Amino acid sequence: MSQDPLDIWNQIASHWDEQVGEGNDFQKQLVMPATTRLLAPTARERILDACCGNGNYSRRLGRMGCEVLAFDGAAKFIQIAEARTQAADGSIEYRVIDACDEDAVKSLAPAASFDAAVCSFAVMDLPTLSPLFRAVKALLTPRGRFVFSFGHPAFHTNESQMVARQNHGEGTPTQFFGVEVIRYASDWPHKSRGLLNQPEAHWIYHRSLSTILRECFEAGFVVDGLEEPTFEPDTRARSPFAWARRTEIPPAMVIRLR
């Protein structure tokens, strides 16, 4: 069984597409709205979508009137994205490019070609960040912005556990749902199955927030926007493991760079 991250993504891309489609609750309620608020895309802007997966956010941008160039290192994802994209989705071009290959990303277009760039919930899947960050910095116009999202490194990792307890004090018993964190500061790679019945675990690269921001600063960016979106209370969330039970704990982080 291959250990190469892109080989694994090619093997599990169809499963992810079947499960996620045009966006699951996590994407539609947390990641996509926060990304759109920080990106603030407008019609006719040229936007780079890095690690686009099945292209669901690319198509959202295309329907807003943006001109999108989207890429992913997994050829299977690009094949799926192209099959899903219709004329009504606007102007979208897909390419197979490894985000960890700086020269390949830069080869997508001349310098300063894009008004904005986005990388939706994928940087934790990349073995190294600096090639992508440096390439995006070169491809953006001087006033361009880059919005990327990832699992919150303090709460949403393989080293955190969902916990629940019930207060039996005076009055009505109260349930509390939280997260127990046993490791954060160190950076480490591990394998994870992000979706139910995922056929093979994929690599995730945990990085502390200080590590992620250092990569941003070294690439020449500054941070001028950040959101930690949380779920709204949902009485339908019966499972004690649901993030909707933890409305005070953000499972994702979205950052805007310039």
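Relevant structure appears above.
Our subject in this report is the structure included herewith.

A short note on the state of the cysteines
Then step 1. For the structure shown, the criterion picks out 0 disulfides.
Then step 2. Here Cys100 is not cross-linked by a disulfide; its sulfur's nearest cysteine counterpart is in Cys51, at 7.5 Å.
Then step 3. Residue Cys100 is classed as partly exposed on the basis of its relative accessible area of 22%.
Then step 4. Cysteine Cys119 remains unbridged, with the sulfur of Cys51 as its closest cysteine sulfur at 4.0 Å.
Then step 5. The exposure class of Cys119 is buried, given its relative accessible area of 0%.

Some points on the sheet that holds strand E5 (residues 140–151)
Then step 1. Across the sheet, which stays open at both edges, the 7 strands sit in the order E3-E2-E1-E4-E5-E11-E10 with mixed pairing between neighbours. Sheet topology places strand E3 (91–96) and strand E10 (223–227) at the edges, where each strand pairs with a single neighbour. Ignoring which end each strand starts from, the neighbouring axes of this sheet average 15° apart.
Then step 2. The sheet contact formed by E10 and strand E11 (residues 252–257) spans 4 bridges and is antiparallel. Among the inter-strand pairings, Gly225 is bridged to a residue of E11, identified as Arg256.
Then step 3. Contacting strand E1 (46–50), strand E4 (114–119), E5, E10 and E11, helix H2 (residues 25–39) runs over the sheet at an angle of about 15° to E11.
Then step 4. Across the face of the sheet, helix H6 (residues 130–139) comes into contact with E1, strand E2 (67–72), E4 and E5 while running at roughly 150° to E5.

Digging into the pattern of salt bridges
Should their charged atoms come close, side chains of opposite charge can pair.
Then step 1. Under the defined criterion, the tally for this structure stands at 12 salt bridges.
Then step 2. Notably, a salt bridge pairs Asp224 with Arg256, separated by 2.7 Å at the nearest N-O pair. Of the two residues, Asp224 is situated in strand E10 and Arg256 in strand E11; the sequence distance between them amounts to 32 residues.
Then step 3. In this structure, a network of salt bridges that share partners links the residues Asp17, Glu22, Arg59 and Arg84.

Side note on the environment of Ala81
Then step 1. Mapping Ala81 onto the fold places it in helix H4 (residues 75–84).
Then step 2. On the basis of relative accessibility, which here comes to 0%, the residue Ala81 falls in the buried class.
Then step 3. Between the C-alpha atom of Ala81 and that of Glu93, which follows or precedes it by 12 residues, the distance is 10.0 Å.
Then step 4. Ignoring any residue separated from it by four or fewer positions in sequence, one finds Ala81 in contact with Gly53, Asn54, Gly55, Arg59 and Tyr94.

Remarks on the packing of H2 against helix H3 (residues 56–63)
Then step 1. Direction vectors running N to C along H2 and H3 enclose 50°, while the axes themselves pass 12 Å from each other. Put simply, H2 runs oblique to H3. The element H2 and its partner H3 pack so that their crossing is right-handed. The residues of H3 that touch H2, namely those facing Gln27, Lys28, Met32, Thr35, Thr36 and Leu39, are Asn56, Tyr57, Arg60 and Leu61.

Some points on a nonpolar patch on the surface
Then step 1. Residues Phe217, Val223 and Leu226 make up a contiguous nonpolar surface patch of roughly 240 Å² in combined accessible area.
Then step 2. Its location among the elements puts Phe217 in helix H7 (residues 209–218).

Focus: the packing of aromatic side chains
Then step 1. A complete count under the given rule lists 10 aromatic pairs for this structure.
Then step 2. Pairing Phe133 with Phe148 gives two aromatic rings, centres 5.3 Å apart and planes at 50°, and the pair type is tilted. One end of the pair, Phe133, is in helix H6; the other, Phe148, is in strand E5, and 15 residues separate them in sequence. Each member of the pair, Phe133 as well as Phe148, is classed as buried.
Then step 3. A centroid spacing of 5.5 Å and a plane angle of 35° characterise the contact between Phe146 and Phe148, whose relative ring orientation is tilted. Each member of the pair, Phe146 as well as Phe148, is classed as buried.
Then step 4. These aromatic residues form a ring-pair network of at least three members: Phe133, Phe146, Phe148, Phe150 and Phe221.
Then step 5. The positively charged end of Arg165 is found above the aromatic ring belonging to Phe176, 4.6 Å away from the centroid.
Then step 6. One Lys or Arg, Arg183, reaches over the ring of Trp188 and ends 4.0 Å from the middle of that ring.

Definitions and limits used
Residues numbered from 1 in each chain as written. Predicted model: local features only at pLDDT ≥ 70, side-chain atom pairs only at ≥ 80, totals over all residues. Heavy atoms only, no water. Disulfide = S-S within 2.5 Å. Buried < 20%, exposed > 50% of the residue type's maximum accessible area, 1.4 Å probe, protein only. Pairing = 2+ DSSP bridges. Helix = DSSP H or I, 4+ residues; strand = E, 2+ residues; numbered from the N terminus. Axes fitted to C-alpha atoms, helices over the stretch in contact; angles between N-to-C directions. Contact = heavy atoms within 4.5 Å. Salt bridge = Lys/Arg side-chain N within 4 Å of Asp/Glu carboxyl O. Parallel < 35°, antiparallel > 145°, perpendicular 65-115°, else oblique. Left-handed = near helix turned anticlockwise from the far one by under 90°. Patch = residues over 30% accessible without salt bridge, like charges linked within 9 Å, V, L, I, M, F, W, Y side chains within 5 Å. Areas by Shrake-Rupley, 256 points an atom, 1.4 Å probe, with all protein chains shown as cover. Phe/Tyr/Trp six-rings, centres within 6.5 Å; stacked < 30°, edge-to-face > 60°. Lys NZ or Arg CZ within 6 Å of the ring centre and 35° of its normal.

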